[in-house]
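Listed below are the residues making up each chain.
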Amino acid sequence: MSSEDLARATGAQADTLHRMMRMLATNGVFERRGNGWAHTDYSEHLKVSHPHSLRSFVLMMGNDLNWNAAGALGVTLRTGETAAEVVSPGGLWPYLRARPEDARIFDAAMISKSHMAIGAVLQGLDFNRYEHVADIAGGRGHILSAILDATPRAQGTLFDLPDVVANSLSHPRMKKHPGDFFVGPLPRADAYLVSNILHDWLDPQAISILRHIREVAPSHAEVLVLEMMLPEGPEPHPAVVMDLIMLSLAGGRERTQGQYDALFAEGGFKLDRIISTHSPYSILVGKVA
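Residues numbered from 1 in each chain as written. Predicted model: local features only at pLDDT ≥ 70, side-chain atom pairs only at ≥ 80, totals over all residues. Heavy atoms only, no water.

The protein chain is annotated in an unreviewed UniProt entry as O-methyltransferase from Myxococcus landrumensis.

A.B. asks: So, the UniProt feature "domain: O-methyltransferase C-terminal" (unreviewed entry) in the protein chain: which residues are in play, and what are the values?
C.D. replies: Within this structure's numbering, the places UniProt gives as "domain: O-methyltransferase C-terminal" (unreviewed entry) are residues 92-270. Secondary structure over residues 92-270 splits into 46% helix and 17% strand, and the C-alpha atoms at its two ends are 32 Å apart. (UniProt positions renumbered as here; feature names shortened; annotations may be inferred. Helix = DSSP H or I, 4+ residues; strand = E, 2+ residues; numbered from the N terminus.)

A.B. asks: Before we move on, could you go through the packing of aromatic side chains and cite the residues and values that matter?
C.D. replies: Within the structure shown, the criterion is met by 6 aromatic pairs. Between Phe 182 and Trp 201, the ring centres sit 4.9 Å apart and the planes meet at 90 degrees, which makes this aromatic pair edge-to-face. Taken together, the positions of Phe 182 in the loop between strand 5 (174-178) and strand 6 (191-195) and Trp 201 in the loop between strand 6 and helix 12 (203-216) put the pair 19 residues apart, joining distant regions of the chain. The class for Phe 182 is partly exposed, based on a relative accessible area of 28%. Between the aromatic rings of Tyr 260 and Phe 264, the centroid separation amounts to 6.4 Å while the plane-to-plane angle is 85 degrees, which identifies the pairing as edge-to-face. Of this pair, Tyr 260 and Phe 264 are both found in helix 14 (residues 257-267), 4 residues apart, which corresponds to roughly one turn of the helix. Phe 264 shares its class with Tyr 260; the two are buried. Through successive ring pairs, a cluster of aromatic residues spans Phe 181, Phe 182 and Trp 201. (Phe/Tyr/Trp six-rings, centres within 6.5 Å; stacked < 30°, edge-to-face > 60°. Buried < 20%, exposed > 50% of the residue type's maximum accessible area, 1.4 Å probe, protein only.)

See the structure below:
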C-alpha cells in the first residue's frame, strides 16, 4: 500500500506517515517496495493474526506510563527512584488497577511475551527428566502448558496470585496453586521454572523469592531461571536495553553471570550451569546448596 492509501485507512496525514514508515523501514520494520510499503518478518508480528503476535507487547510499551516513565529517567538518575512511580503514584501495579483497558493490554502483552519464551525453554532443556514442574508466577499458564504437552509423563503446578490463576488455562496434568511468592508456601516439585520474574525486582526481593522456593524444594530439585543475561563486556545485547526499561518501569534490573552467582547463593542455591538458546534468553540452572 502507498503512504496515501495507508493514511486514508488509518486517519493519518500522508506525508507524516510516509516519513515515519521510512524510518521504520531502515530498521527492518516494513519494506519499501516500488511506490508502496510491504510487510517484513518483523512487521508481520504486529498482526493480531500472527501465531506469535507481539501487537499487544508493542501497544503496552507505547502506553502513557511507559512513555512518560522514559521521560522521567532524569529523576531516576539523580534520586534512584523508579521513574514509573515519579509519573504515577505507586508505579506500575496501581496504574494498571485503575485502568482496565491498559491492564487488558498488559495481560495480552505478557501472553505474547510468553510465546517468545516457550521456544527458548523447550529448545534449551529436556523436561522429561522431571516428574513435577512448578511454574512460579507463571501467569496464565502458557509456558507450563507447552512444557506439559512436550513431556507426556510430567505433572505441573501453576503458582501465581489468586486472580491470575483463576483466569488461567486448563490442562489435564496441571494443578493451580494460588498464592504469593513473597509469603508462601510454594508447591513441592522437582523443577521450579522462574521465567522473566527475577528481573522485575532488586536483589533483596529476588533473593526472597528464591528463598521461598528453597524452603519447599527437595534436595534433588533444580530451579530454572529464564532471563536475558547481561554480557560482562561491552558487546551489544537486548538485555542492555531491557535493563533501562526495568529501571524505569518496575525498579528491577537485568544481571550478569557474576550477579546471578551471588543471587543464587543468597537464595540457597548454587548456579550449576547456563544454557544458551536461539534467542536472547538463557536458562540458568540452580541446584540446592
